[in-house]
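# Descriptive analysis of the structure
Read off the chains here:
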Amino acid sequence: MTRIDDLPLRDELRGMSPYGAPQLDVPVRLNTNENPFPVPEALVRLIADRVSDAARTLNRYPDRDAVVLRTQLAGYLTRTTGYQVGPHQVWAANGSNEIIQQLLQAFGGPGRTAIGFDPSYSMHSLISRGTGTGWISGPRNEHFGIDREAAVAAIHEHRPEVVFVCSPNNPTGTAVEAETVLALYEAAQAARPERGALVVVDEAYAEFSHRPSLLPLIEGRPTLVLTRTMSKAFGAAGLRLGYLAADPAVVEAVLLVRLPYHLSAVTQATAHAALEFADTLLGYVDELKAERDRLVTELREIGCEVTESDANFVQFGRFEDPKDVWRRLLDHGVLVRDNGVPGRLRVSCGTREENDTFLDAVRAVMKEISE
Ligand SMILES: *Cc1c(COP(=O)(O)O)cnc(C)c1O
């Protein structure tokens, strides 16, 4: 049998593990921050119609630049944030992970580095490595916020070409203040006076936040990029659609590395239909925010230490052996996420019933481990 190590694999990939949130068949799955509500029937029918239309011209390549979709996404951003963006400032791809990959292909790569502030979204470092970009793990404070001074110092020390800021941050749920993003942006530009450095603000969970979007910060800052996704608030993780908003020059740059016709006609048609249902889909967001706040309150009542959350998930602990607690919750039929944060686990917001089952399971497990 051939083992992966026997292959002529790139050195920097040796010994790495693939992204691997377990996809287990469990009654209550609260481990990947998906929206628990199924797609409304009326939208299912609209998607079926639109996909049928698209099917009639599948002999042709799709619109390579997804102009209609980008116009719709720009409209959505403008409408929900009050900050005006146009289609030339928006770019779409198969999930925001592909957006991040395209950004790193264009602005990272061999001989360059990216920094993130850990614990944060593991794909920032994984995609960096996958694109040959060096990875620097920057610090967070004890409350899982970004320590502004320490972060600025790390940027001055390492002079990265790309800086990742995740707000609200996955897996901790912590939002980042606009002043912090600005401080990091200034530091990143100062550290690379020639052409500056790219600052990527990953707003995958923006719709769940108590705070306004950081989108207006792109104004007059040509190397500040905001990324978004339809996987979370829109409840369309299976669609695979992510997008960015930035200076039009950044969009021009990613055009250099994107694969031709990367967004299939079926994806574009489906995303188009989903965006027409934005108001309905986002109607669930308020419900999920209320459930998130309830999870925080009830977990604290149970005696857990809970990190403030601006997202649709909650980080909780503190456990001597989080792996053991993870396994015990699974025995109670509830799948949560162990992101490797010491003493902590992460639970995604489910439906009210799912959250009740989860909370009951936590109570039961706390009792088991105290015995
Ligand atoms: C879920 C998530 C994404 C979304 O990835 P997609 O490829 O759009 O599904 C991006 N960033 C963060 C921080 C996430 O948690």
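All figures in this text were calculated on a predicted structure; none of them were measured in a lab. In this numbering scheme, every chain counts its residues from 1 along its sequence in written order. Where totals are concerned, whole chains, interfaces and linings use all residues; where local detail is concerned, this predicted model gives features only for residues with pLDDT of at least 70, and gives and counts side-chain atom pairs only at 80 or more. For the side-chain quantities, the full set of heavy atoms in the structure was used; hydrogens and water were omitted.

### Some thoughts on the side chain of T351
Note the following rule: For the purposes of this entry, the term helix denotes a DSSP run of H or I that reaches at least four residues, the term strand denotes a run of E that reaches at least two, and both are numbered from the N terminus. Only protein chains enter the accessibility calculation, which uses a 1.4 Å probe. A residue is then buried if its area is under 20% of the maximum for its type, exposed if over 50%, and partly exposed in between. Residue contacts are counted whenever heavy atoms from the two residues lie within 4.5 Å of one another.
Following the sequence through the fold, T351 ends up in the loop between β12 (345-348) and α11 (352-370). The buried category is assigned to T351, whose relative accessible area is 15%. Contact partners of T351, with chain neighbours within four places excluded, come to P36, F37 and E291.

### Some remarks on the sheet that holds strand β10 (residues 313-317)
Threshold: Paired strands are those between which DSSP finds at least two bridges.
Across the sheet, 3 strands lie side by side as β9-β10-β12; this open sheet has antiparallel pairing. Pairing within the sheet leaves two strands with one partner each, and these edge strands are β9 (305-306) and β12. Bridge count for β9 against β10 is 2 bridges, and the pairing is antiparallel. In the strand pairing of β10, V306 is matched with F316.

### Digging into the pattern of salt bridges
Just so we agree on the cut-off: Think of a salt bridge as a Lys or Arg side-chain nitrogen and an Asp or Glu carboxyl oxygen that are within 4 Å of each other.
Summed over the entire model, instances satisfying the criterion amount to 25 salt bridges. Between D356 and R294 there is a salt bridge, and its shortest N-O distance comes to 2.9 Å. Here R294 lies in helix α9 (residues 278-302) and D356 lies in helix α11, a separation of 62 residues in the sequence. Overall, D356 belongs to the partly exposed group, its relative accessible area being 30%. Looking at R294, the relative accessible area reads 12%, which means it is buried. The partner of R328 in a salt bridge is E368, and the shortest N-O contact between them spans 2.9 Å. Here the residue R328 occupies a position in helix α10 (residues 322-331), and E368 occupies one in helix α11, the gap between them amounting to 40 residues.

### Some thoughts on the domain arrangement of the chain
Many analyses report the size of an interface as the accessible area lost when the parts associate. This is how it is decided: Domain boundaries shown here were taken from an automatic or database domain assignment. We define buried area as the total accessible area lost by two parts upon association, computed with a 1.4 Å probe and summed across both. Here a polar contact is taken to be a pair of N or O atoms separated by no more than 3.5 Å, where protein atoms must pair a possible hydrogen donor with a possible acceptor and residues adjacent in sequence count only if both atoms sit in side chains. For this classification, the nonpolar set comprises Ala, Val, Leu, Ile, Met, Phe, Trp, Tyr, Cys and Pro, the charged set comprises Asp, Glu, Lys and Arg, and every other residue, Gly included, is treated as polar.
Segmentation of the chain into domains returns domain 1 (24-40 + 280-370) and domain 2 (41-276). The straight-line distance from the C-alpha centre of domain 1 to that of domain 2 is 26 Å. In this assembly, 25 residues from domain 1 lie in contact with 28 residues from domain 2. Roughly 2,200 Å² of surface becomes buried between domain 1 and domain 2 when both sides are summed, with 60% attributable to carbon and sulfur atoms. At the boundary of domain 1 with domain 2, the tally comes to 0 salt bridges. Linking domain 1 with domain 2 are 11 residue pairs in polar contact (both at pLDDT 80 or more). Contributions of two or more residues to the side of domain 1 that touches domain 2 are made by α9 and β10. Per-element accounting of the side of domain 1 that touches domain 2 gives the leading share, 7 residues, to α9. Across the side of domain 1 that touches domain 2, the residue classes tally to 9 nonpolar, 8 polar and 8 charged.

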